[in-house]
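Below, each chain spelled out in residue letters.
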Amino acid sequence: MTLIKRKSIEAEAFVADDRAARSPRPAYKPRFAPVTFSEIGGVRYLHFGTEWVQGAMRLSKPDRIELEYAQQMMAWLLFLRAPKHVVQLGLGMGSITKFTAKQFPRTQVTAVELNPAVVVAARTMFDLPSDSRRLKVLEADAWDFVTDTANHGTVDVLQVDLYDATARGPVHDTPAFYKACRAVLREPGMLTMNLFGDHDSYPKNIRRLRQAFDNRVIEFPEVHDGNVIVLAFNGPLLSVEWKDVEARAKVVEAATGLPAKRWVKQLRETNGDGGPVLTV
């Protein structure tokens, strides 16, 4: 796998071609890699038959979100309160899904996962609860979910983490997919997404995501040797002072244990331009 540094690919992000702007459903046949596990230092890891980590759970704290990039996927908490419906595309080992369901007892939580073996692994090896009135796991393609008009305008938060065994970039990455992701969101609504910042898929994905969301996208700095979490906003223009975001972060951190104060520092360093106001 050829990797290029993020500084060079950022310069390419807005000059790549857009031939897939109106692409239909991606033409691929799902091939499910074997679901495998490892354990070290009291942490259980999910793999898809390779050394790439697809999820992690500390055995002594099974309800905690262990990996930093997965914690950052929850950064919508800085801007939205009491969502009615949160959807996760790509279940992994289920850490974000079960955390959201536990933290928000009045929220409908839905996970969409194509590989049935991943669902079984999440429930048997990573303590994901069974389906209930509030928690649903759909064995379906993320493409089918976001393009189903019945789902449009029904989701407050869409969390996207769609990688296969090779981890070469999101499985779905066309402009049509990103536009459909925006279509499922309410106003206001937010998307959080895991991109691979050090891979050559990054410029294409960040450019298409920015186009789909009218450039209303902010980024975290890269973590875990490649993961870059991005936040995209739907609905009315947001203009908020960073000091108010910091105040909100203190509330979030006290309530959830997530490192929300660090999130604000990271986001401000990456997107703030030194000014007191975030406008997105």
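Remember, predicted model here, so these are calculated numbers, not experimental data.

A. The arrangement of the pattern of salt bridges in detail. According to the stated counting rule, one finds 12 salt bridges in the structure shown. Between Arg-44 and Glu-39 there is a salt bridge; the shortest N-O distance is 2.7 Å. Salt-bridge contacts for Arg-262 lead to Glu-68; the nearest nitrogen and oxygen are separated by 3.9 Å. Here the residue Arg-262 occupies a position in helix H9 (residues 260–271), and Glu-68 occupies one in helix H2 (residues 68–72), the gap between them amounting to 194 residues. Accessibility expressed as a relative area gives 23% for Glu-68, which makes it partly exposed. One network of salt bridges, in which partners are shared, links Arg-58, Arg-64 and Glu-66.

B. Structural detail: the sheet that holds strand E8 (residues 185–196). Spatial ordering of the open sheet is given by E6-E5-E4-E7-E8-E10-E9, a layout of 7 strands whose pairing is mixed. Pairing within the sheet leaves two strands with one partner each, and these edge strands are strand E6 (135–139) and strand E9 (217–219). For this sheet the average axis-to-axis angle between neighbouring strands, irrespective of direction, equals 15 degrees. Strand direction decides the pairing type here: strand E5 (residues 108–113) and E6, joined by 5 bridges, are parallel. Along E6, the bridge assignment pairs Ala-111 with Val-137. The sheet contacts of helix H3 (residues 95–103) involve strand E4 (85–89), E5, E6 and strand E7 (155–160), and relative to E5 the element is tilted by about 170 degrees. Along the sheet, helix H6 (residues 175–184) makes contact with E4, E7, E8 and strand E10 (227–234), crossing E8 at roughly 140 degrees.

C. Region of interest: the environment of Val-155. Checked against the element boundaries, Val-155 lands in strand E7. Given a relative accessible area of 0%, Val-155 falls into the buried group. The spatial distance from the C-alpha of Val-155 to the C-alpha of Leu-185 is 4.8 Å, given a sequence separation of 30 residues. Beyond its immediate sequence surroundings of up to four residues, Val-155 is in contact with His-85, Val-87, Val-184, Leu-185 and Arg-186.

D. How the structure looks around the packing of helix H8 (residues 242–256) against H9. Between H8 and H9, the least distance of the axes is 7 Å, while the angle of their chain directions is 150 degrees. Relative to H9, the element H8 is oriented roughly antiparallel. Contacts between H8 and H9 pair Trp-242, Val-245, Glu-246, Ala-249, Lys-250, Val-252 and Glu-253 from the former with Ala-260, Lys-261, Val-264, Leu-267 and Arg-268 from the latter.

E. A look at the environment of Lys-265. Counting through the fold element by element, Lys-265 comes out in helix H9. Spatially, the C-alpha atoms of Lys-265 and Trp-242 are 9.5 Å apart, while their sequence positions differ by 23 residues.

F. Spatial organisation of the side chain of Asn-227. Considering the arrangement of structural elements, one finds Asn-227 in strand E10. Within the structure, the side chain of Asn-227 is placed 3.0 Å from the side chain of Asn-194, a separation counted as a polar contact. Not counting the four nearest positions on each side in its chain, Asn-227 is found in contact with Tyr-69, Asn-194, Leu-195, Phe-196, Pro-221 and Glu-222.

G. Structural context of the pairing of strand E1 (residues 36–40). Looking at chain direction, E1 and strand E2 (residues 43–47) are connected through 5 bridges and run antiparallel. The residue of E2 that forms the bridge with Thr-36 is His-47.

Cut-offs used in this document
Residues numbered from 1 in each chain as written. Predicted model: local features only at pLDDT ≥ 70, side-chain atom pairs only at ≥ 80, totals over all residues. Heavy atoms only, no water. Salt bridge = Lys/Arg side-chain N within 4 Å of Asp/Glu carboxyl O. Helix = DSSP H or I, 4+ residues; strand = E, 2+ residues; numbered from the N terminus. Buried < 20%, exposed > 50% of the residue type's maximum accessible area, 1.4 Å probe, protein only. Pairing = 2+ DSSP bridges. Axes fitted to C-alpha atoms, helices over the stretch in contact; angles between N-to-C directions. Contact = heavy atoms within 4.5 Å. Parallel < 35°, antiparallel > 145°, perpendicular 65-115°, else oblique. Polar contact = N/O pair within 3.5 Å; in protein donor to acceptor, adjacent residues only side chain to side chain.

Everything listed here is a matter of coordinates, which is why it stays silent on function.
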